[in-house]
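# Topology and contacts: notes
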Amino acid sequence: MAQINTTADGASAKPMVRIEGLRKSFGDLEVLRDVNLDIMPGEVVTIIGASGSGKSTLLRCINLLETPDAGHVWFQGSDLTADHVDVNKLREDIGMVFQGFNLFNNMDVLDNCTLAPVTLKKATKQEAEQTAMHHLESVGLADFADAAVAKLSGGQKQRVAIARALCMNPKIMLFDEPTSALDPEIVGEVLEAMRKLAAEGMTMVVVTHEMAFARTVSDRVVFMDKGVIAEQGAPAQIFGNPQHARTREFLKRYL
Ligand code: ADP
Ligand code: MG
């Protein structure tokens, strides 16, 4: 019997995130102007665009760090703009990695990773530590479990931030310029951890200025310009044959 919402190969055709008619202003400043975007399960979407174009605000509307003024954001079929949304539950399912790490600097690496699973998900300390060690291993930091966060390099901190987010077993990971605060020589180790995560099938939305990452890792590139999605498409199309003059102008800076 035919199933609704499945494709020929049986994969779910339902978007994990659906953004429709999204608008957001700060005072008189219209930051998002009718943004429409679907993120499919397993998809890696990068968002590029000039500073101030609304990339962070768009990302932050997905986990309600910003409240949309109009339009809808659905996550796994639930409308996040409805009144009854449990924001804390939502954020358990949506991992976020920020430019500035946002780690607890007075704790060691392992405690950073186990705090939320133990307090929010009621995991036992032992379960949480086992999960944390698994994710620290995958970002290459198993040997640093007992290290003080304050002693780590920026690249190590950001890899801890990724591992910490993964400890909540999120359905999707949002990255807001995760390498922008890092020295050039350590950007690669963070991108490598993200590349690995993408290869494992994680659904990811990544705001970045790392065009090589966008080109080689993402399934789709979204170019934002002054609060709208000016153009989106496969990396080969966006980088090889951009249709919009603004996209061409923006990408020129990275040649
Ligand atoms: P991007 O991430 O593309 O650089 P942002 O989404 O951070 O863009 O910001 C878009 C615009 O909105 C910028 O002009 C920024 O200064 C402004 N903005 C962002 N957050 C706030 C805020 N909380 N209050 C006021 N203005 C904001
Ligand atoms: Mg930003």
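Residues numbered from 1 in each chain as written. Chains lettered and ligands numbered in written order. Predicted model: local features only at pLDDT ≥ 70, side-chain atom pairs only at ≥ 80, totals over all residues. Heavy atoms only, no water.

Here is the rule we go by: UniProt positions are given in the numbering used here, feature names are shortened, and annotations may be inferred rather than shown by experiment.
An unreviewed UniProt entry lists the protein chain under the name ABC-type polar-amino-acid transporter, with Collinsella tanakaei YIT 12063 as the source organism. Recorded in UniProt for the protein chain, the comment headed Subcellular location (unreviewed entry) runs: "Cell membrane". Recorded in UniProt under Catalytic activity (unreviewed entry), the annotation for the protein chain is "a polar amino acid(out) + ATP + H2O = a polar amino acid(in) + ADP + phosphate + H(+)".

## Topic: the packing of aromatic side chains
Just so we agree on the cut-off: Each aromatic pair joins two rings of Phe, Tyr and Trp (for Trp, the six-membered one) with centres within 6.5 Å, and gets the label stacked for planes under 30 degrees apart, edge-to-face for over 60, and tilted for any other angle. Elements are defined by DSSP. Helices are runs of H or I of four residues or more, strands are runs of E of two residues or more, and each kind is numbered from the N terminus. Burial here depends on accessible area, computed with a 1.4 Å probe over protein chains only, as a share of the maximum for the residue type. Under 20% is buried, over 50% is exposed, and the range in between is partly exposed.
The final tally for this structure, using the stated rule, is two aromatic pairs. For the pair Phe 223 and Phe 250, a centre-to-centre distance of 5.3 Å together with 40 degrees between the ring planes defines the contact as tilted. You can see Phe 223 sitting in strand E9 (residues 220-225) and its partner Phe 250 sitting in helix H9 (residues 245-252), a full 27 residues away along the chain. A single burial state applies to Phe 223 and to Phe 250, both of which are buried. A centroid spacing of 5.3 Å and a plane angle of 55 degrees characterise the contact between Phe 250 and Tyr 254, whose relative ring orientation is tilted. You can call Tyr 254 partly exposed: its relative accessible area is 34%. Members of the aromatic cluster, each reached through a chain of ring pairs, are Phe 223, Phe 250 and Tyr 254.

## Regarding the pattern of salt bridges
For clarity, the threshold we go by: Any carboxyl oxygen of Asp or Glu within 4 Å of a side-chain nitrogen of Lys or Arg constitutes a salt bridge here.
Scanning the model with the defined rule gives 14 salt bridges in all. A salt bridge links Arg 195 to Glu 192; the shortest N-O distance between them is 3.5 Å. Here the residue Arg 195 and the residue Glu 192 both occupy positions in helix H6 (residues 184-199), the gap between them amounting to three residues, near one helical turn. For Arg 195, a relative accessible area of 33% corresponds to the partly exposed category. Of the charged contacts in the structure, one is a salt bridge between Glu 249 and Arg 246, with a shortest N-O distance of 4.0 Å. Placement of both Glu 249 and Arg 246 in helix H9 is noted, with a separation of three residues, approximately one turn of the helix. Salt bridges sharing partners connect three or more residues here, namely Lys 89, Glu 92, Asp 93 and Lys 171.

## A look at the sheet that holds strand E4 (residues 70-75)
Definition in use: Any two strands with at least two DSSP-identified bridges between them are counted as paired. By definition, residues are in contact when any of their heavy atoms lie within 4.5 Å. Each axis is a line fitted through C-alpha atoms, and for a helix only the stretch in contact is used; angles between axes span 0 to 180 degrees, taken between their N-to-C directions.
Read across the open sheet, the four strands follow the order E2-E1-E4-E5; overall the sheet is antiparallel. Taken across any chain shown, the strands that pair with only one partner, and hence form the sheet edges, are strand E2 (29-39) and strand E5 (78-79). As judged from the five bridges shared by strand E1 (residues 17-26) and E4, these two strands associate in the antiparallel manner. Bridging across to E4, Arg 23 finds its partner in Ala 70. Contacts from helix H1 (residues 55-62) reach E1, E2 and E4, with the element oriented near 125 degrees to E1.

## Notes on the site of ligand 1
Which entries qualify depends on this criterion: Think of it this way: one heavy atom of a residue within 4 Å of a molecule or strand is enough to make that residue near it. The definition of a polar contact used here is a pair of N or O atoms within 3.5 Å, where within protein one atom must be able to donate a hydrogen and the other to accept one, and adjacent residues in sequence count solely through side-chain atom pairs. Accessible surface is estimated by sampling points in the Shrake-Rupley manner with a 1.4 Å probe; for residues, cover comes only from the protein chains shown. Polarity classes work like this: nonpolar for Ala, Val, Leu, Ile, Met, Phe, Trp, Tyr, Cys and Pro, charged for Asp, Glu, Lys and Arg, and polar for all others, with Gly in that last group.
By nearness alone, every residue bordering ligand 1 is listed as Phe 26, Leu 29, Val 31, Ala 50, Ser 51, Gly 52, Ser 53, Gly 54, Lys 55, Ser 56 and Thr 57. Between Ser 53 and ligand 1, the recorded distance is 3.2 Å, taken from a backbone N or O atom to an oxygen atom. At 3.0 Å from an oxygen atom of ligand 1 is found a main-chain nitrogen or oxygen belonging to Gly 54. In isolation ligand 1 has 560 Å² of accessible area, and contact with the protein removes 59% of it. Those elements that provide at least two residues to the shell around ligand 1 are E2 and H1. Sorting elements by how many residues they give to the shell around ligand 1 places H1 first, with three residues. Residues that form the shell around ligand 1 fall into these classes: four nonpolar, six polar and one charged.

## Some words on the sheet that holds strand E6 (residues 94-97)
Across the sheet, six strands lie side by side as E6-E7-E8-E3-E9-E10; this open sheet has mixed pairing. This sheet does not close on itself; its edge strands, each paired only once, are E6 and strand E10 (228-233). Pairs of neighbouring strands in the sheet enclose a mean axial angle of 20 degrees, with direction left out of account. As defined by bridge partners, E9 adjoins E10 across five bridges and the pair is classed as antiparallel. Each bridged residue has a counterpart across the sheet, and for Met 224 the counterpart in E10 is Ile 229. Lying over the sheet, H6 contacts strand E3 (44-49), strand E7 (172-176) and strand E8 (203-207), oriented at roughly 150 degrees with respect to E8. Relative to the sheet, H9 contacts E3, E9 and E10, its axis offset from that of E9 by approximately 100 degrees.

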